[in-house]
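Take a look at the letters that make up each chain.
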Amino acid sequence: MVSAPSTDNERSRNSQARSWHALDVSEVLKTLHADKDGLTRDEARRRLDEYGPNTLTEEDKPGPLRRFLSQFNNTLIYVLLVASAFTAFLGEWVDTGVILAVVVINALIGFIQEGKAEQAMESIRGMLSPKATVLRDGEERELPASELVPGDVVLLRSGDRVPADLRVITARNAQAEEAALTGESEPVGKEPHTVEEDASLGDRTNMAYSSTVITNGRLRGVVVATGSETEIGRISEMVSRVESLSTPLLSKVDAFGRVLSLAIVLLAAVVFALGYFLRDFTATEMFMVVVSLAVAAIPEGLPAIMTITLALGVQRMARRNAIVRRLPAVETLGSVTVICSDKTGTLTRNEMTVAKVATAGKFFSVGGVGYKPEGGFSLDGRDVPPEEQPRLIKLARAGLLCSDARLREENGEWSIEGAPTEGSVVVLARKAGLVRRNELDERPRLDEIPFESERRYMASLHREPDGGAVAYVKGAPERVLDMCASQRMEEGDEPLDREAWAKREAELADSGHRVLAIAAKHMDGGESLGEGQLDGLTLLGLVGIIDPPRQEAVEAIKECRQAGIRVKMITGDHVLTARSIGKSMGIGDGEHAVTGKDLELADEREIVRLVEGNDVFARASPEHKLRIMEALQSRGQVVAMTGDGVNDAPALKRADVGVAMGIKGSEATKEAADMVLADDNFATIERAVEEGRTIYDNLLKTILFILPTNGAEALMVIASVLLVFEVVPITPIQILWVNMITAVTLALALAFEPAEAGIMRRSPRPPDEPIISRFLVWRIAFVSVLIATSAILLFNRCLEADASIEAARTVAVNTLVAGQLFYLFNSRFLDRTSLSLKGLLGNGKALLAAGLLVVFQLVFTYLPLSHTLFGTRSLPAMEWTWIVAAGLAVFLFVEAEKVLIKRRR
Ligand code: ATP
């Protein structure tokens, strides 16, 4: 074990850290005892012990005490606190004690539930921890960025977030956006040359700093500082964006809570005046009534229940591979009217296989599927040994050398590391008998121009065995053909027959193939490759790649259509490929498609027309995505948009729900997104929409369920004052008992409510739909009156039968709770009937909660301690028949109301 670094050590490291940019690469590597091929795994482990993980200390989160205290910061609780002060003033100490106890218990419940919700969110955030590609034991590996140590060699490409402070070793067209560090939003070029010692951070072009983003090109750098030793770590020990657990709906409910408190206070004043002046109650009596009223009307448990409902829903989504990064997206998902999806990997499986190869005059079919390099070549149905086809071999070699993907075999399973398009070319080469390592040994790569979606081709430069150099290019045919002057024939080259190739490409694309053109050119020396040198190429041929649709995506597209959501496919592929694949998946009609170029040529009105009238968009770049979205949004559509490349970030930010790919997506895109798909699968978006709709439903159901309890209690208090009784049928303590007990047991069950059948047959919810709709107000009022009436009737019946006031109150409270219990089963469905086996037994949690509640009520009714605390009395068995009947009546009335409302609609 190596001892922890001494303070002196640390200091010297710090001072060195400031001047890495002034040292040349070899000095940097020497100082770090590192090698440009990276560290060994053992050394890395030793250094990890010494330096600690590459993470920043999280921002101070509020401690438990502060979180507990924050539970009291709520207008509704203030009203309760004032109520307890009133009772104390009147010398009603038991009431004071109970109200305070309830406030504290409520805070505790809130605290625990919020803690759970936070934990759920924390584990979801953990699913998004960044990764880095590192050289260990000379091999590229993908590791959690937290495991990086000084001396590690890291490989970065456009879209990657820099995981630690790096000194650049090599770079190719690399640019980084360093706004996080320097505030400069324009990307800066990165290259290995030494800079002045006193250069400012923004001018240290040979350094890539932690948490900045590579926006272009590739680079390789050695880690010089990790964790809090990095520049960003020095500036702030933070980065954990502690997101508050809220959504627009929850904030609206909060605001509603404030209005409600005000209304309650006003109502209390009115009731006080009426009771005092009209019905000759004493001021003291009326004070107690007003306290009861305030306590009755306040839905103390609501905020905590809403938070936990949201958190549980979000956790459920994460289990189904949709990781929500911004909570408001959960609600927006329910309103989505259009999903714009990438094709490759999202709608298709991204398991690419070259199925066709066209050289000048020959058209090969290739056997086999997937990455297993088994399968032969055939010409017109006749098998042909590849070694007898020199042009085929040349094309395969060019494709192999101009790719970065690697083929791996583990326990008979073949997989690729790198882009699947390139993987398919590497597999093709293996089928033709070519192995990457041997080919690279023979023709080492000198330079390259990496593939970028905007450029649509890749090129690499190689030393030839005879000492010359050759450039290989592969990419979208129309780009590559533009650079070609000739085509390779058996007996030398001849001028390019562009028309014939375009026809062949169209044939391949029309049958759903992704097409790549592969070309080569002998270069006159030089060890570097520039875009300007790529003209006069010789075309070697075309390859047609198949990428089968994801079956589950086809299903999901159907579901979306039924849910009133339109699916649009935006792809970088050829228009014919896009149309053909779109058609096979149920997107577009196979006839119409719009290209990126069409969008560029169109004016604003025309764009709207194109975008509304078409579902397939081909040869589209990230910039086109932005245009498509703006057009859709201008027509009031709510758009979910997927993306993976760094340049997709602006479109994702702009989308109503930005969706990033978890596997294929760059860090920058993930950060811009509202939601990340852990499996890159379109079907997951559809499931997320379903889950989003369910969460929203459950939040509504919670409101619909909890508020009538308060309504009924308030009505009981008001009725007793204004109408008939000499005594209030329910005391403040009893009210608090009911509120707490129903909120913790019954209401929580709704958080686990599964999606309603037919949830994906509804149209999207209008985004501006008010939460407190007329229906909601009606239902709350209706149920409040129902439950209050049944409780008052039974209370009255007891009094008339000469029972004690205490016993009558016990009956009233139990009737109230029974009403709630039965109403819970009504609330499971918003407007469908609950009168079915599924309605009654479908949610195990609801049954459990109901069982628990019965136990609570028995304790409340029969335990001697309850008699003293709550002023209850034991009831004869007969009373329970009435109570259960009253509950059942509430249930049936609400069911009847559902039927009537449905008819009226
Ligand atoms: P989608 O938008 O459907 O997800 P995509 O983003 O993968 O597709 P691009 O990667 O932009 O689409 O590819 C566009 C075109 O560029 C392809 O049709 C293909 O011809 C070419 N191409 C794709 N990958 C490579 C690569 N690695 N090297 C060379 N050319 C490529």
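About the cut-offs
- Residues numbered from 1 in each chain as written.
- Predicted model: local features only at pLDDT ≥ 70, side-chain atom pairs only at ≥ 80, totals over all residues.
- Heavy atoms only, no water.
- Helix = DSSP H or I, 4+ residues; strand = E, 2+ residues; numbered from the N terminus.
- Buried < 20%, exposed > 50% of the residue type's maximum accessible area, 1.4 Å probe, protein only.
- Contact = heavy atoms within 4.5 Å.
- Areas by Shrake-Rupley, 256 points an atom, 1.4 Å probe, with all protein chains shown as cover.
- Lys, Arg positive; Asp, Glu negative; His and termini not counted.
- Charge placed at Lys NZ, Arg CZ, Asp CG, Glu CD.
- Pairing = 2+ DSSP bridges.
- Domains from an automatic or database assignment.
- Near = heavy atom within 4 Å.
- Polar contact = N/O pair within 3.5 Å; in protein donor to acceptor, adjacent residues only side chain to side chain.
- Nonpolar A, V, L, I, M, F, W, Y, C, P; charged D, E, K, R; others polar.
- Patch = residues over 30% accessible without salt bridge, like charges linked within 9 Å, V, L, I, M, F, W, Y side chains within 5 Å.
- Salt bridge = Lys/Arg side-chain N within 4 Å of Asp/Glu carboxyl O.
- Axes fitted to C-alpha atoms, helices over the stretch in contact; angles between N-to-C directions.
- Left-handed = near helix turned anticlockwise from the far one by under 90°.
- pLDDT = per-residue confidence, 0-100.
- Phe/Tyr/Trp six-rings, centres within 6.5 Å; stacked < 30°, edge-to-face > 60°.
- Lys NZ or Arg CZ within 6 Å of the ring centre and 35° of its normal.

Asker: Account for the overall build of the chain, with residues named and values stated.
Answerer: Looking only at helices and strands, the chain features 32 helices and 28 strands. Buried positions account for 55% of the 905 residues belonging to the chain. In the chain, 72% of the contacts between residues at least 6 apart in sequence involve partners at least 24 apart. Approximately 38400 Å² of the chain is accessible, and the part contributed by carbon and sulfur atoms is 56%. Across the chain, the 101 positively charged side chains and the 122 negatively charged ones have centroids separated by 4 Å.

Asker: Can you tell me about the pairing of strand β7 (residues 213-225), naming the residues and giving the values?
Answerer: Most of β7 sits inside the fold, with 10 of its 13 residues counted as buried. Here strand β3 (residues 153-157) pairs with β7 via five bridges, running antiparallel. The partner of R157 across the bridge, within β7, is R218.

Asker: Please set out the domain arrangement of the chain residue by residue, giving values where relevant.
Answerer: One frequently used descriptor of interface size is the decrease in accessible area upon assembly of the parts. Domain assignment breaks the chain into domain 1 (8-58 + 123-241), domain 2 (333-348 + 550-683), domain 3 (353-546) and domain 4 (773-905). The gap between the C-alpha centroids of domain 1 and domain 4 is 63 Å.

Asker: Quick one: what's the story with the site of the ligand, residue by residue and with numbers?
Answerer: The ligand sits among 19 residues. The nearest are T344, S453, T571, G572 and D573. Separating an oxygen atom of the ligand from a backbone N or O atom of V515 is a distance of 3.1 Å. Contact between the ligand and G572: an oxygen atom at 3.0 Å from a main-chain N or O atom of the residue. When the ligand sits alone it has 620 Å² of accessible area, and the protein chains cover 92% of it. Residue assignment for the shell around the ligand shows that the elements contributing at least two residues are α14 (420-431), β18 (469-475) and β21 (514-523). At three residues, the largest contribution of residues to the shell around the ligand is made by β21. For the shell around the ligand, a count of residues per class yields five nonpolar, six polar and eight charged. Per-domain counts for the shell around the ligand show at least three residues from each of domain 2 (333-348 + 550-683) and domain 3 (353-546).

Asker: Describe a negative patch on the surface, and please don't skip the residues or the numbers.
Answerer: Residues E491, E494, D497 and E499 make up a contiguous surface patch of negative charge. Take E494: it is sitting in strand β20 (residues 492-495). By relative accessible area, E494 is classed as partly exposed at 34%.

Asker: Describe the pattern of salt bridges, naming the residues involved and giving the relevant values.
Answerer: With the rule as written, the count across this model stands at 52 salt bridges. Of the charged contacts, one joins D137 and R41 as a salt bridge, the two residues approaching to 3.1 Å between their closest N and O atoms. Of this pair, D137 sits in the loop between β1 (131-136) and β2 (139-144) while R41 is found in helix α3 (residues 41-51), placing the two residues 96 residues apart along the sequence. The exposure class assigned to R41 is partly exposed, which follows from its relative accessible area of 40%. Here R161 ties to E671 by a salt bridge, and the two come within 2.5 Å at their closest N and O atoms. With a gap of 510 residues between them, R161 in the loop between β3 and β4 (165-177) and E671 in helix α24 (residues 667-672) connect regions that are remote in the sequence. Salt bridges here are not isolated pairs; linked through shared partners, they connect E43, R46, R47 and E50.

Asker: An account of the side chain of R488 is requested, with residue identities and associated values reported.
Answerer: Its location among the elements puts R488 in strand β19 (residues 484-489). Not counting chain neighbours up to four residues away, the residues in contact with R488 comprise A360, R391, K394, D493, T538, L539 and L540.

Asker: So what's going on with a nonpolar patch on the surface? Residues and values would help.
Answerer: A cluster of nonpolar side chains, V855, V859, L863, L865 and L869, forms an exposed patch at the surface whose accessible area comes to about 410 Å². Every element with two or more residues in the nonpolar patch is listed here: α30 (844-862) and α31 (864-870). You can see V855 is positioned in helix α30. For V855, a relative accessible area of 48% corresponds to the partly exposed category.

Asker: Now, about the packing of helix α18 (residues 551-562) against helix α25 (residues 682-722): what can you tell me, with residues and values included?
Answerer: Axis separation between α18 and α25 bottoms out at 8 Å; the angle between their running directions is 35°. Every pair of crossing elements has a handedness; the one defined by α18 and α25 is left-handed. Side by side, α18 and α25 meet where E552, A553, A556, I557, E559 and C560 of the first sit next to F682, A683 and E686 of the second. By residue class, the composition of the contact of α18 with α25 is six nonpolar, no polar and three charged.

Asker: An account of the confidence of the model for the chain is needed here, citing residue identities and associated values.
Answerer: The predicted model of the chain has a mean per-residue pLDDT of 87, with 95% of residues at 70 or higher. Across residues 1-16 the pLDDT falls below 50, and counting only partners more than four positions away or on other chains, this stretch makes 12 contacts in the model. In the predicted structure, residues 237-243 sits below a pLDDT of 50 and forms 20 contacts with residues beyond four places in sequence or in another chain.

Asker: Account for the sheet that holds strand β28 (residues 675-677), naming residues and giving values.
Answerer: Within the open sheet, the eight strands sit side by side as β8-β28-β27-β26-β9-β23-β25-β24. Their pairing is mixed. Each having just a single partner strand, β8 (322-324) and β24 (594-595) make up the two edges of the open sheet.

Asker: I'd love a proper account of the packing of aromatic side chains, names of residues and values included.
Answerer: As enumerated under the stated definition, the model contains 12 aromatic pairs in all. For the ring pair F705 and Y823, a centre distance of 5.9 Å and an interplane angle of 20° mean the geometry is stacked. Of this pair, F705 sits in helix α25 while Y823 is found in helix α28 (residues 805-827), placing the two residues 118 residues apart along the sequence. Three or more aromatic residues link up through ring pairs in this structure, and these residues are F86, F272, Y276, F277 and F287. The side chain of R504 reaches across the aromatic face of F363, ending 3.9 Å from its centre. The aromatic ring of F829 is capped on one face by R832, whose charged end is 4.3 Å from the ring centroid.

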